[in-house]
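These are the residues of each chain, in order.
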Amino acid sequence: MKVQISSLSEAGGDIDLADDVFGLDPRADILHRVVTWQLEKRRGTARGARERSDVARTGKKFGRQKGGGTARHGDRRAPIFIGGGKAHGPRVRDFNPSLNKKVRSLGLRMALSSKAKDGKLIVMDTLSLENAKTKTLAASLSELGFGRTTLVIDGDMVEQSFAMASGNLRSINVMPAMGANVYDILKHDTLVLTRAAVEKLEARFNG
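Residues numbered from 1 in each chain as written. Predicted model: local features only at pLDDT ≥ 70, side-chain atom pairs only at ≥ 80, totals over all residues. Heavy atoms only, no water.

### Describing the overall build of the protein chain
Working step 1: A count of helical and extended segments in the protein chain gives seven helices and six strands.
Working step 2: Secondary structure elements in the protein chain, listed N-terminal to C-terminal, are β-β-α-α-α-β-α-β-α-β-α-β-α.
Working step 3: Taken over C-alpha atoms, the radius of gyration comes to 27 Å for the protein chain, far larger than the 17 Å a tight globule of 207 residues would show.
Working step 4: Taking the principal axes of its C-alpha atoms as reference, the protein chain extends roughly 95 × 40 × 25 Å.
Working step 5: Evaluated residue by residue, the protein chain yields a buried proportion of 37% over its 207 residues.
Working step 6: For the protein chain, long-range pairs separated by at least 24 residues make up 71% of all intrachain contacts whose partners lie at least 6 apart in sequence.
Working step 7: Entry remark: accessible area of the protein chain is about 13000 Å², with carbon and sulfur atoms responsible for 47%.
Working step 8: Charged side chains of the protein chain number 35 positive and 23 negative; the gap between the two group centres comes to 22 Å. (Helix = DSSP H or I, 4+ residues; strand = E, 2+ residues; numbered from the N terminus. Rg over C-alpha atoms; globule rule 2.2 N^0.38 Å. Buried < 20%, exposed > 50% of the residue type's maximum accessible area, 1.4 Å probe, protein only. Contact = heavy atoms within 4.5 Å. Areas by Shrake-Rupley, 256 points an atom, 1.4 Å probe, with all protein chains shown as cover. Lys, Arg positive; Asp, Glu negative; His and termini not counted. Charge placed at Lys NZ, Arg CZ, Asp CG, Glu CD.)

Put into structure tokens, the structure is as follows:
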């Protein structure tokens with residue numbers, strides 16, 4: 001698959017993208033499984049509270065049934081007493097589902113392929129800026145045809161000048177190639193990869 005390389009200054013040549021990474025036919029069931037797994041892994045597990053059966057207090061009835069002038073309580077473990085169990089407290093729940101590595105890898109490749117297939121993939125030579133100003137960057141991005149929301153993925157590290165200039169642009173998110181994931185790719189309208197990001201992703205799946 002050939003894609004034209006864009007630049008913040010002028011258009012470049014073409015780049016060959018690996019078909020086994022960017023040329024797959026996306027499957028909705030695979031993408032759904034990976035996104036569900038990813039969102040479940042983000043959920044935190046609450047610290048479980050001790051309920052009525054967990055506290056170490058006496059279960060002996062501490063007062064008479066009648067004549068005491070108080071309610072007829074059975075034991076001190078009731079939630080209304082100090083030191084009693086928590087009523088309807090948080091419980092430990094497992095939010096760590098498992099998903100095969102091959103499925104996760106396939107899902108990421110399908111997410112990349114879906115952007116390439118829909119024409120929403122832009123490959124740039126570099127993100128280096130001479131003038132790291134937000135106003136200058138915003139004018140350049142409008143000419144490149146970025147969508148309403150854009151995910152920019154660079155190589156090992158995000159170009160510092162681009163990260164500084166795009167910090168105040170709410171429509172742009174940046175991350176290194178190591179952080180590429182299915183949810184963020186599908187969430188954004190446009191995916192922008194640098195030449196270094198393409199090399200890292202292809203090496204990641206072919207290694």
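### With respect to the sheet that holds strand β1 (residues 2-6)
Working step 1: Spatially, six strands are ordered β2-β1-β3-β6-β4-β5 in an open sheet, and the strand pairing comes out mixed. Of all strands in the sheet, those bounded by a partner on one side alone are β2 (14-16) and β5 (172-176). Shown here is a sheet whose adjacent strand axes are inclined to one another by a mean of 35°, direction ignored.
Working step 2: In the sheet, β1 pairs with strand β3 (residues 121-124) via two bridges, with the strands oriented parallel. What sits directly across from isoleucine 5, in β3, is valine 123.
Working step 3: Along the sheet face, helix α7 (residues 195-206) touches β1, β2, β3, β4 (150-154) and β6 (190-194) and points at about 90° away from the line of β6. (Pairing = 2+ DSSP bridges. Axes fitted to C-alpha atoms, helices over the stretch in contact; angles between N-to-C directions.)

### What about the pairing of β5?
Working step 1: Across five bridges, the pairing between β4 and β5 is parallel. Paired with aspartate 154 across the two strands is proline 176, which belongs to β5.
Working step 2: Chirality of the crossover, the property in question, places the unit of β4, helix α5 (residues 160-165) and β5 among those that are right-handed. (Right-handed = clockwise from strand over helix to strand, strands pointing away.)

### With respect to the confidence of the model for the protein chain
Working step 1: When pLDDT is averaged along the protein chain, the result is 87, and 97% of the positions lie at 70 or above.
Working step 2: When mean pLDDT is compared element by element in the protein chain, helix α6 (residues 182-187) scores highest at 95, while β1 scores lowest at 74. (pLDDT = per-residue confidence, 0-100.)

### Section: the pattern of salt bridges
Working step 1: Per the counting criterion, the structure on display carries seven salt bridges.
Working step 2: A salt bridge links arginine 148 to aspartate 189; its shortest N-O distance comes to 3.7 Å. Remark: aspartate 189 occurs in the loop between α6 and β6 and arginine 148 occurs in the loop between α4 (134-144) and β4; sequence separation between them is 41 residues.
Working step 3: For arginine 148, a relative accessible area of 66% translates into the label exposed. (Salt bridge = Lys/Arg side-chain N within 4 Å of Asp/Glu carboxyl O.)

### Digging into the nonpolar core
Working step 1: Ranked by size, the top nonpolar core spans 34 residues in total, and within it Phe22, Leu112, Leu121, Ile153, Leu191 and Leu193 carry the most contacts.
Working step 2: The leading source of residues in this core is helix α3 (residues 101-117), at six residues.
Working step 3: Non-local contacts of leucine 193, meaning those with residues more than four positions away in its chain, are made with Phe22, Leu121, Ile122, Val123, Met124, Ile153, Val198 and Leu201.
Working step 4: Formed by 13 residues, the second largest nonpolar core is a distinct cluster that contains Met124, Leu137, Val152 and Val192. (Core = buried A, V, L, I, M, F, W, Y, C linked by side-chain atoms within 4.5 Å.)

### Focus on the domain arrangement of the protein chain
Working step 1: Structurally, the protein chain comprises domain 1 (2-44 + 98-206) and domain 2 (45-93).
Working step 2: Taking the mean C-alpha position of each, domain 1 and domain 2 sit 54 Å from one another. (Domains from an automatic or database assignment.)

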